[in-house]
Amino acid sequence: MDLQQMRYVVAVAETRNFTRAAESCGVVQSSLSHRIAGLEGELGVKLFARTSRRVELTSAGEAFITAARECLSAADRAAADAAAATGAVRGRLAVGVIVTTAAVDVPELLQRYRTHHPQVRIALRSGRSDDLAAAVRQGELDIAFLGLPPSQPPAGVEALALDHDEHALLVPAGHPLAGTPQVALHEIADETFVDFVSGTPARAQSDQAFAAAGLVRDVAYEAGVVELITRLVARGLGVALLPSAFIAPLATADPALALVPVSDGPRRIEYLVWSRFNPSPAARAMLKVLGVPD
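Residues numbered from 1 in each chain as written. Predicted model: local features only at pLDDT ≥ 70, side-chain atom pairs only at ≥ 80, totals over all residues. Heavy atoms only, no water.

Chemist: Tell me about the overall build of the protein chain, and please be specific about residues and values.
Modeler: Along the backbone of the protein chain there are eleven helices and eleven strands. If you line up the protein chain on its principal axes, its C-alpha atoms span 70 × 50 × 35 Å. Evaluated residue by residue, the protein chain yields a buried proportion of 42% over its 294 residues. For the protein chain, contacts bridging at least 24 residues in sequence account for 74% of all contacts bridging at least 6. A total of about 15,000 Å² of accessible surface is found on the protein chain, and carbon and sulfur atoms cover 52% of it. (Helix = DSSP H or I, 4+ residues; strand = E, 2+ residues; numbered from the N terminus. Buried < 20%, exposed > 50% of the residue type's maximum accessible area, 1.4 Å probe, protein only. Contact = heavy atoms within 4.5 Å. Areas by Shrake-Rupley, 256 points an atom, 1.4 Å probe, with all protein chains shown as cover.)

Dropping the structure here:
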């Protein structure tokens, strides 16, 4: 058994196709299939159940793939550490980003990072703040950019507050409140709302603000992505409370939308989070670019 065989197995498991796996590994399919068959013979088990149209991991394959990924990750880390000893930064950097990040221009940050460390391969993951923080704690992500209510700071990770922001009310351009200098929560509590899915940190920011004001609102539409929220608002199906630093440029560019400041609206803090447990050379280099002291 060798690392290349493990890479082939992981590639097939991820693509569910021998041809695409061979292409991603830069080899001909016959060579990849032969190496996997040799590994199956060595292990005495079938790793894949396959027909002419379908490829799936067997139960033995499911058991094998987890350890195989860990071995490949350890091998990549060993190579990166060896390169770092000579001053070169290589390997992989996994970055988590919430879709409403505004405190950091992520593409510009990655451009600066790549200028200094062109050999690092970067994997981006978007998702909920709580899921991304958990991924950092578990070592699945090197760093992440989060947005959380002030009452819920990140736990179990190193954190640096990047910005404090207030939410603004997003309404259709023809809404009676469009153009209003400012509103308070009690003035909009009877509106129909579009918001993020219940239980997420993005939703909690608004829920907590209304609860603190002793108000109840109607969230008629829940969406997992901000693009859908803004489209629903533009159609006149409801209004939404969104971080002002993020939504202001979008509202300015879309004539179907208008933004109204809220005097006592939700607030959030944007964080950079990371783990100090054995960070990779690529992660340490990114923290340096971000100005985080050792």
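Let us keep going from here.
Chemist: Now, about the pattern of salt bridges: what can you tell me, with residues and values included?
Modeler: What the rule picks out here adds up to 16 salt bridges. Here Lys-46 and Glu-40 are joined by a salt bridge, their closest N and O atoms 3.8 Å apart. The exposed category is assigned to Lys-46, whose relative accessible area is 55%. Note that Arg-50 is salt-bridged to Glu-40, the shortest N-O span being 3.3 Å. Placement of the pair is Arg-50 in strand S1 (residues 48-50) and Glu-40 in helix H3 (residues 29-43), with a sequence separation of ten residues. Three or more residues joined by partner-sharing salt bridges are found here, namely Asp-195, Arg-203, Asp-207, Arg-217 and Glu-222. (Salt bridge = Lys/Arg side-chain N within 4 Å of Asp/Glu carboxyl O.)

Chemist: Can you lay out the environment of Thr-200 for me, pointing to particular residues and giving the numbers?
Modeler: Structurally, Thr-200 is set in the loop between strand S7 (192-196) and helix H8 (201-212). Residue Thr-200 is classed as buried on the basis of its relative accessible area of 9%. In the structure, Thr-200 is positioned 24 residues away from Gly-224 in sequence and 9.4 Å away in space, judged by C-alpha atoms.

Chemist: Provide a residue-level description of a nonpolar patch on the surface, including the pertinent values.
Modeler: Residues Met-1, Leu-43 and Val-45 make up a contiguous nonpolar surface patch of about 220 Å² in total accessible area. In this fold, Leu-43 is placed in helix H3. The exposure class assigned to Leu-43 is partly exposed, which follows from its relative accessible area of 32%. (Patch = residues over 30% accessible without salt bridge, like charges linked within 9 Å, V, L, I, M, F, W, Y side chains within 5 Å.)

Chemist: Summarise the side chain of Arg-268; cite the residues concerned and give the values.
Modeler: Summarising the element assignment, Arg-268 is placed in strand S11 (residues 267-274). You can call Arg-268 buried: its relative accessible area is 2%. Of note is the side chain of Arg-268, whose polar atom sits 3.0 Å from the side chain of Glu-270. Once residues lying within four places of it in the same chain are set aside, the contact partners of Arg-268 are Ile-98, Thr-100, Ala-102, Gly-147, Leu-148, Pro-150, Asp-163, His-164, Asp-165, His-167, Gln-205 and Pro-243. (Polar contact = N/O pair within 3.5 Å; in protein donor to acceptor, adjacent residues only side chain to side chain.)

Chemist: Describe the side chain of Asp-142, with residues and values.
Modeler: Relative to the assigned elements, Asp-142 resides in the loop between helix H6 (129-137) and strand S5 (143-148). No salt bridge forms around the buried Asp-142; measuring N to O, its nearest opposite-charge neighbour Arg-92 is 5.6 Å away. Here the side chain of Asp-142 touches Ala-94 through a polar contact of 2.7 Å, landing on its backbone nitrogen. With residues near it in sequence (within four places) discarded, Asp-142 still touches Arg-92, Leu-93, Ala-94, Val-136, Val-273, Trp-274, Ser-275, Ser-280 and Ala-283. (Lys, Arg positive; Asp, Glu negative; His and termini not counted.)

Chemist: Quick rundown of the packing of aromatic side chains? Include the residues and the values.
Modeler: For the coordinates displayed, the defined rule picks out two aromatic pairs. Ring plane angle 70 degrees and centroid distance 5.9 Å describe the contact between Phe-18 and Phe-48, whose orientation is recorded as edge-to-face. Of this pair, Phe-18 sits in helix H2 (residues 18-25) while Phe-48 sits in strand S1, and the two are 30 residues apart along the sequence. Residue Phe-48 is classed as buried on the basis of its relative accessible area, which comes to 4%. Between the aromatic rings of Phe-193 and Phe-210, the centroid separation amounts to 5.6 Å while the plane-to-plane angle is 80 degrees, which identifies the pairing as edge-to-face. Separated by 17 residues along the polypeptide, Phe-193 in strand S7 and Phe-210 in helix H8 bring together distant segments of the chain. No difference in accessibility class separates Phe-193 from Phe-210, as the two residues are buried. (Phe/Tyr/Trp six-rings, centres within 6.5 Å; stacked < 30°, edge-to-face > 60°.)

Chemist: Can you break down the packing of helix H5 (residues 106-116) against helix H11 (residues 281-289) residue by residue, with the values?
Modeler: Axis separation between H5 and H11 bottoms out at 10 Å; the angle between their running directions is 115 degrees. Here H5 runs over H11; the crossing is right-handed. Taking contact as the criterion, the partners of Leu-109, Leu-110, Arg-112 and Tyr-113 in H5 are, on H11, Ala-282, Ala-285, Met-286 and Val-289. The residue makeup of the contact of H5 with H11, split by class, is seven nonpolar, no polar and one charged. (Axes fitted to C-alpha atoms, helices over the stretch in contact; angles between N-to-C directions. Left-handed = near helix turned anticlockwise from the far one by under 90°. Nonpolar A, V, L, I, M, F, W, Y, C, P; charged D, E, K, R; others polar.)

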